[in-house]
Amino acid sequence: MKKIQVGFLLSYDYQKMRNSIPPVYAGADQIFIAIDKDLRTWSGQKFDIEPSFFEWLIAIDVEKKITIYRDDFYVPTITALENDSRERFLLSQQMGIGNWLVQIDADEIFIDFKKFVQTLRKHDHFLNTPEKNPIQIAGYLINIYKYLDEGLLYVEEPTKVMLATNYPNYKVARKTKERIIYTDNILLHECLSRTEAELQFKFINWGHNAEINPSFFEKWRKATQDNYKELRDVFYLNPSVWKKLGYLPTKDLEKIKQYIPLDQKLQVSRRHLFLKNFGQWFKTLKLFNSNEAPTFESYFK
């Protein structure tokens, strides 16, 4: 036990895993890829997988770390978001409680997974009795807003993301609603770096499909290198969550990784982390006398 177990959920955007799996391969003890047995999204729509993708998986899996986990991940009587949470819980059972359960979405790319593993190892004591002391480990996403001809637009302020837990009592997608330990680990997020047709399909089948901001596409379509500084409130759910955009003069992944440490707007300050973690510690202290045991949602049963 006490392994670094990494899980991915394979769906319609599976091709993006060609970028997200390689950065974590060396540092993971095992990698699990969950696939619906009938190739359905959380909303029940069908998708296909090109055979070349599995050929690629076999080719890169030189240490035989990758396990394909097929199961029934679509329950028509619950929402897409509930299906999302349910699949993550079932995947974590396969990964094994007692290990670090890391879940990375297909469109998330670690900048430095080795550093993240070192972060987790500092907290290995939480794996001894995880059900009594459940926690989440968070990092930050640099959200790519749109690819342009010569570069890309990104959201200026990184956003938090839950990356790992010791106990997978998921409530909303990857969120367990337990104590969070915030870290300065950074990932690129290709959430919107798609064609408009691909985005429309993503939003229809996404766990948060009922919350999409109806005015999102108007701003996204017109965003360019010339006008991005004028655009405000560009998030696809609550618009004000993403206030401003920035620009990087490249679309090359390796060059993007070199730019990130040089741009202060893409860093997470020590003061920010201290305040966030102090708040979580204080919240945990207030709840210390609670005897309530963690419970799973009914649709996990």
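Everything below is about the structure shown above.
Residues numbered from 1 in each chain as written. Predicted model: local features only at pLDDT ≥ 70, side-chain atom pairs only at ≥ 80, totals over all residues. Heavy atoms only, no water.

Comments concerning the overall build of the protein chain
A tally of regular secondary structure across the protein chain gives nine helices and 10 strands. A compact globule built from 301 residues should have a C-alpha radius of gyration of about 19 Å, and the protein chain, at 19 Å, falls within 12% of that. Seen along its three principal axes, the alpha-carbon backbone of the protein chain occupies a region of about 55 × 45 × 40 Å. By the burial criterion, 53% of the 301 residues in the protein chain qualify as buried. Here the contacts in the protein chain between residues at least 6 apart in sequence split such that 75% fall between residues at least 24 apart. By element, 51% of the accessible surface of the protein chain is carried by carbon and sulfur atoms, the whole surface being about 14,900 Å². Of note, the protein chain has its 43 positive side-chain charges centred 6 Å away from the centre of its 39 negative side-chain charges. (Helix = DSSP H or I, 4+ residues; strand = E, 2+ residues; numbered from the N terminus. Rg over C-alpha atoms; globule rule 2.2 N^0.38 Å. Buried < 20%, exposed > 50% of the residue type's maximum accessible area, 1.4 Å probe, protein only. Contact = heavy atoms within 4.5 Å. Areas by Shrake-Rupley, 256 points an atom, 1.4 Å probe, with all protein chains shown as cover. Lys, Arg positive; Asp, Glu negative; His and termini not counted. Charge placed at Lys NZ, Arg CZ, Asp CG, Glu CD.)

What to know about the pattern of salt bridges
Overall, the coordinates contain 17 salt bridges when judged by the stated rule. Bridged by salt links that share partners, the residues Asp36, Lys37, Asp38, Arg40 and Asp72 form one connected network. (Salt bridge = Lys/Arg side-chain N within 4 Å of Asp/Glu carboxyl O.)

Details of the layout of surface pockets
Of the volumes computed, that of the largest pocket is approximately 1,200 Å³. In terms of lining, the largest pocket is formed by 46 residues, of which the most central are Leu141, Lys160, Val161, Arg174 and His189. It is strand S8 (residues 159–165) that contributes the most residues to the lining of the largest pocket, four residues altogether. (1 Å grid on protein atoms, 1.4 Å probe; cavity = no way out; pocket = protein on both sides within 12 Å on 5 of 7 lines; lining within 4 Å. Points joined across faces, edges and corners; volume = space filled by probe spheres on them.)

Considering the side chain of Asn83
As for its placement among the helices and strands, Asn83 is situated in helix H4 (residues 80–95). One polar contact links the side chain of Asn83 to the main-chain amide nitrogen of Val75, over a distance of 3.0 Å. Setting aside chain neighbours within four positions, we find Asn83 in contact with Trp42, Phe73, Tyr74, Val75 and Ile78. (Polar contact = N/O pair within 3.5 Å; in protein donor to acceptor, adjacent residues only side chain to side chain.)

Describing empty space enclosed by the protein
Inspection of the entire model under this criterion finds one cavity of 30 Å³ or more. Here the largest cavity is characterised by a volume of approximately 50 Å³. Taken together, Leu101, Gln103, Met162, Leu163, Ala164, Thr165, Tyr170 and Arg174 make up the full set of residues lining the largest cavity. Within the residue set of the lining of the largest cavity, elements represented by two or more residues are strand S4 (100–103) and S8.

Considerations on unusual backbone geometry
Here Lys64, not a glycine, exhibits a phi torsion of approximately 55°, which is positive. Counting through the fold element by element, Lys64 comes out in the loop between helix H3 (51–60) and strand S3 (66–71). Within the chain, Asp233 stands out as a residue other than glycine whose phi angle is a positive 55°. Turning to its location among the elements, Asp233 is positioned in the loop between helix H7 (216–222) and strand S10 (245–248). You can call Asp233 partly exposed: its relative accessible area is 30%.

Some details on the packing of aromatic side chains
Any pair of aromatic rings gets described here by the distance separating the centres and the angle formed by the planes. If you walk through the whole model with that rule in mind, you get 19 aromatic pairs. A centroid spacing of 5.4 Å and a plane angle of 85° characterise the contact between Tyr236 and Trp242, whose relative ring orientation is edge-to-face. Overall, the relative accessible area of 5% leaves Tyr236 in the buried class. Consider the rings of Phe278 and Phe282, whose centres lie 6.5 Å apart with planes at 15°: the pair is stacked. Within this pair, Phe278 and its partner Phe282 are both found in helix H9 (residues 270–286), separated by four residues, close to a single helical turn. By relative accessible area, Phe278 is classed as partly exposed at 43%. Its guanidinium or amino end placed over the ring of Tyr25, Lys65 lies 5.0 Å from that ring's centre, counting from NZ or CZ. When the ring centre of Trp220 is taken as origin, the NZ or CZ atom of Lys146, which lies over that ring, is 5.1 Å away. (Phe/Tyr/Trp six-rings, centres within 6.5 Å; stacked < 30°, edge-to-face > 60°. Lys NZ or Arg CZ within 6 Å of the ring centre and 35° of its normal.)

Some remarks on the pairing of strand S7 (residues 152–155)
With burial as the criterion, each face of S7 is covered, one bearing Leu152 and Tyr154 and the other bearing Leu153 and Val155. The pairing of strand S6 (residues 135–147) with S7 spans three bridges and is antiparallel. Residue pairing across strands places Lys146 opposite Leu153, the latter belonging to S7. Here S6 folds back onto S7, and the loop between the two strands holds four residues. Alignment of S7 against S10, held across four bridges, turns out to be antiparallel. Directly across from Leu153, in S10, lies its bridge partner Tyr247. (Pairing = 2+ DSSP bridges.)

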